[in-house]
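# Results of the structural survey
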Amino acid sequence: MQQRADEIIKTLKSKGLRVTPQRFAVYANLLERTDHPTVEQILTDLNKDAPTSSQATVYAALQALREVGLVREVLLEEGVSRYDANVLPHHHFRCTCCRTIEDIQWNAFGNIDLSQLRSGLKAERFEVIVQGVCDRCQ
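Keep in mind the model is a prediction, meaning the values are calculated, not measured. (Residues numbered from 1 in each chain as written. Predicted model: local features only at pLDDT ≥ 70, side-chain atom pairs only at ≥ 80, totals over all residues. Heavy atoms only, no water.)

### Considerations on the overall build of the protein chain
The following threshold applies: Strands are runs of DSSP state E lasting at least two residues, helices are runs of H or I lasting at least four, and both sets are numbered from the N terminus onward. Only protein chains enter the accessibility calculation, which uses a 1.4 Å probe. A residue is then buried if its area is under 20% of the maximum for its type, exposed if over 50%, and partly exposed in between. Only heavy atoms enter the contact rule, under which two residues are in contact if any of them lie within 4.5 Å. Accessibility throughout is a Shrake-Rupley quantity obtained with a 1.4 Å probe, and a residue counts as covered only by protein chains that appear here.
For the protein chain, the helix and strand inventory stands at four helices and five strands. Starting at the N terminus and walking to the C terminus, you meet the elements of the protein chain as α-α-α-α-β-β-β-β-β. The C-alpha extent of the protein chain, read off along each of the three principal axes, is 50 × 40 × 30 Å. Looking at the 138 residues of the protein chain, the share that counts as buried comes to 33%. Of the contacts made within the protein chain by residues no fewer than 6 positions apart, 44% connect residues no fewer than 24 positions apart. Carbon together with sulfur atoms contributes 49% to the accessible area of the protein chain, which is approximately 9,200 Å² in total.

### Quick look at the confidence of the model for the protein chain
Convention followed: For every residue, the predictor assigns a confidence score, pLDDT, that lies between 0 and 100.
Per-residue pLDDT for the protein chain averages 93, and the proportion of residues at 70 or more is 100%. Of all secondary-structure elements in the protein chain, the lowest mean pLDDT belongs to strand β1 (residues 72-77), at 91, while helix α4 (residues 55-67) reaches the highest, 96.

### So, the sheet that holds strand β4 (residues 101-105)
Operational definition: In this scheme, strands are said to pair when DSSP sees at least two bridges between them. Where helices are involved, their axes are fitted lines through C-alpha atoms of the stretch in contact, as for all axes, and angles between N-to-C directions lie from 0 to 180°.
What the three strands build is an open sheet, ordered β4-β3-β5; its pairing is mixed. Each of the sheet's edge strands pairs with one partner strand only, and the pair in question is β4 and β5 (129-132). Each adjacent strand pair in this sheet contributes to an overall mean axis angle of 25°, direction not counted. Where strand β3 (residues 90-95) lies against β4, five bridges are found, and the strand directions are antiparallel. Among the inter-strand pairings, F93 is bridged to a residue of β4, identified as E102.

### Focus on the packing of helix α1 (residues 2-14) against helix α2 (residues 21-31)
Cut-off, in case you're wondering: An angle below 35 degrees is treated as roughly parallel, one above 145 as roughly antiparallel, one from 65 to 115 as roughly perpendicular, and anything else as oblique. The crossing is said to be left-handed when, going from far helix to near helix, the turn is anticlockwise and less than a right angle, and right-handed when the turn is clockwise. Charged means Asp, Glu, Lys or Arg here, nonpolar means Ala, Val, Leu, Ile, Met, Phe, Trp, Tyr, Cys or Pro, and polar covers whatever is left, Gly included.
Axis separation between α1 and α2 bottoms out at 10 Å; the angle between their running directions is 115°. In terms of axis orientation, α1 runs roughly perpendicular to α2. Seen from above, α1 lies across α2 with right-handed handedness. Residues R4, A5, I8, I9, T11 and L12 of α1 lie in contact with α2, whose contacting residues are R23, F24, Y27, A28 and L31. Split into classes, the residues belonging to the contact of α1 with α2 amount to eight nonpolar, one polar and two charged.

### Structural notes on the packing of aromatic side chains
The geometry of an aromatic ring pair is captured by the separation of the ring centres together with the interplanar angle, meaning the angle of the planes. This is how it is decided: Side-chain rings of Phe, Tyr and Trp (the six-membered ring for Trp) are treated as a pair once their centres are within 6.5 Å; stacked means planes under 30 degrees apart, edge-to-face means over 60, and tilted covers the remaining angles.
As enumerated under the stated definition, the model contains one aromatic pair in all. Centroid distance W106 to F126: 5.0 Å. Interplanar angle 40°. Geometry classified as tilted. With W106 in the loop between β4 and β5 and F126 in the loop between β4 and β5, this residue pair connects regions lying 20 residues apart in the sequence. Judged by its relative accessible area of 30%, F126 is partly exposed.

### Some details on unusual backbone geometry
For H36, which is not a glycine, the phi torsion comes out positive at approximately 55°. Checked against the element boundaries, H36 lands in the loop between α2 and α3 (39-46).

### Topic: the packing of α2 against α3
Between α2 and α3, the least distance of the axes is 10 Å, while the angle of their chain directions is 105°. By the angle between their axes, α2 is roughly perpendicular relative to α3. Across from A25, V26, N29 and L30 in α2, the residues of α3 making contact are I42, D45 and L46. Within the contact of α2 with α3, the residues separate by chemical class into five nonpolar, one polar and one charged.

Dropping the structure here:
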């Protein structure tokens, strides 16, 4: 447990972030999850035992973590921001029934040819979002 905490502190410092209890808690929470939580879900999780964080504090921590590339914002449905500590390239599957989100490995679709974009468009990055029904809902 202490080793994990030390790794988180080292990572935050390596990105030039001041290690605050809030940043530590938010980042640690995201590292333990694969469900792509919303701010509200993170807040509920952090305040489970005792209310210690506010929504504004969680937003501020997430913004700082995003700015240094430790967290990415995932927009898979209109008006809902979710967060992911897996910043390596990957795609997402979203179940249309239970709304569960699951990572898909980057190479799952083979080579996607971006040279077919119309002239004048320069792709900087892309992500595939697959929507369907998961095995739990089928």
